[in-house]
Amino acid sequence: MSRWDAREEAGWALDLDELAALLTPRTRLIVVILPHNPTGYIMPAGDFAELLRLAEERGITVVSDEIYAGLAVDPAAELAPAATLSPRAVSLGGLSKSFGLPGLRVGWIATADRALLDRARRVRMHANSFASAPSEYLAAIALRHSAAILARNRGDRARQPCRRRGVHRRPPRPAGVARAVRRRARLPAAAWTRDRR
Ligand SMILES: Cc1ncc(COP(=O)(O)O)c(C=O)c1O
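Note that the coordinates shown come from a computational prediction; the quantities given were computed from them, not determined experimentally.

Conventions we followed
- Residues numbered from 1 in each chain as written.
- Predicted model: local features only at pLDDT ≥ 70, side-chain atom pairs only at ≥ 80, totals over all residues.
- Helix = DSSP H or I, 4+ residues; strand = E, 2+ residues; numbered from the N terminus.
- Contact = placed C-beta atoms within 7 Å.
- Pairing = 2+ DSSP bridges.
- Axes fitted to C-alpha atoms, helices over the stretch in contact; angles between N-to-C directions.
- Near = placed C-beta within 6 Å.
- Nonpolar A, V, L, I, M, F, W, Y, C, P; charged D, E, K, R; others polar.
- Expected span 1.5 Å × (residues − 1).
- Buried ≥ 20, exposed ≤ 12 C-beta atoms within 10 Å, placed from the backbone.
- Arc of directions from axis to C-beta.

Chemist: Any chance you could explain the overall build of the protein here in plain terms?
Modeler: Regarding its fold elements, the protein presents 7 helices and 4 strands. For the protein, the sequential pattern of α-helices and β-strands runs α-β-α-β-β-β-α-α-α-α-α. Once local pairs closer than 6 in sequence are excluded, the contacts in the protein between residues at least 24 apart make up 71%.

The following block contains the structure:
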């Protein structure tokens, strides 16, 4: 495994020439986290396309951890999911970070590579056959209200001067997950009750 370091003096940017120099004929996988944890760095879209092209050319799979997607203070900086840009790329997402709902334990991968998806599904079946149904139920509500939840959590970030450049946000309030979903979506209690049916 080779480390592709982000450098503080470059604003935590990742250098594509450095990546190209790290690749060998035995390289099978490139893993990136964008927005990056903990720096918050988001690669320019042109560089991201170049990274995916570099990988495709060499038959390398890219796993793109997009767990912080949706939290960029400047929404124009958000990248499209890697899985929509390259047939070999795998996008990893979930509700633990941008949505502030780590207790639900709900996440996903997306890829246009069906064979890879089938293999991943088989591995998952052996590791953890099913997600909890209440979690999936609450996750579906959170996803339905994703615009409101992400807008609010982006606002939380922007208001924290010491964290403006980072991606960490306040830990979830000490409340039940259901209450957290309702509050983050700014749903009045009545609408919440209706939604749950
Ligand atoms: C970059 C990144 N991706 C994914 C995860 C996984 O989050 P979880 O297992 O809480 O869903 C973490 C957790 O810290 C993370 O930092």
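Next comes the rest of the write-up.
Chemist: Got a minute to help me understand the sheet that holds strand β1 (residues 29–33) in this structure?
Modeler: By way of backbone hydrogen bonds, the strands of a sheet pair with one another, either parallel or antiparallel. Read from one edge to the other, the open sheet built from 4 strands follows the order β1-β2-β3-β4, with strand pairing classed as mixed. Edge positions in the open sheet fall to β1 and β4 (107–111), since each of these has one partner strand only. Going across the sheet, the axis of each strand differs from the next one's by a mean of 20°, ignoring polarity.

Chemist: Could you clarify how one ought to interpret unusual backbone geometry in this entry?
Modeler: A negative phi angle is the norm for most residues apart from glycine, just as the trans form is the norm for most peptide bonds. With omega at -5°, the peptide bond leading from L34 into P35 counts as cis. Cis rather than trans, the peptide bond between N37 and P38 has omega equal to 15°. By secondary structure assignment, the location of P38 is in the loop between β1 and α2 (45–57). Of note, W12 is a non-glycine position whose phi angle comes to about 65°, a positive value. If you trace the backbone, W12 turns up in the segment before α1 (16–22). Phi angles above zero are rare outside glycine, and R105 is one such case at about 55°.

Chemist: Would you mind going over the site of the ligand with me for this structure?
Modeler: As a matter of local geometry, the ligand sits amid I33, N37, D65, I67, G94, S96, P102 and G107. Tallied by class, residues from the shell around the ligand come to 3 nonpolar, 4 polar and 1 charged.

Chemist: Help me understand helix α4 (residues 133–144) in this model?
Modeler: Taking 1.5 Å per residue as the helical rise, α4 with its 12 residues ought to reach 16 Å, and the 17 Å between its terminal C-alpha atoms agrees with that figure. All of the buried residues in α4 are L138, A139 and A142. Seen along its axis, α4 keeps its buried residues to an arc of 105°; they face one direction. Exposed and oriented more than 90 degrees from the buried face of α4 are A133, Y137, A140, L143 and R144.

Chemist: What is the right way to look at the pairing of β1 in this model?
Modeler: For a regular strand, side chains alternate in direction, first toward one face of the sheet and then toward the other. Only one face of β1 is covered, namely the face carrying I30 and V32; the face carrying L29, V31 and I33 is uncovered. As defined by bridge partners, β1 adjoins strand β2 (residues 61–65) across 5 bridges and the pair is classed as parallel. Counted as the bridge partner of I30 is V62 from β2.

Chemist: How do you make sense of α2 when you look at a structure like this?
Modeler: Given 3.6 residues to a turn, an α-helix orients residues that are three or four positions apart in the same direction. Between its first and last C-alpha, α2 extends 18 Å over 13 residues, near the 18 Å set by a 1.5 Å rise per residue. Of all the positions in α2, only F48, L51, L52 and A55 are classed as buried. Down the axis of α2, the buried side of the element spans an arc of 95°, and every buried residue falls inside it. Exposed residues lying more than 90 degrees from the buried face of α2 are G46, R53 and E57. Looking at the buried side of α2, the elements it contacts are α1, β1 and β2. A positive phi of about 70° marks G59, the residue just after α2.

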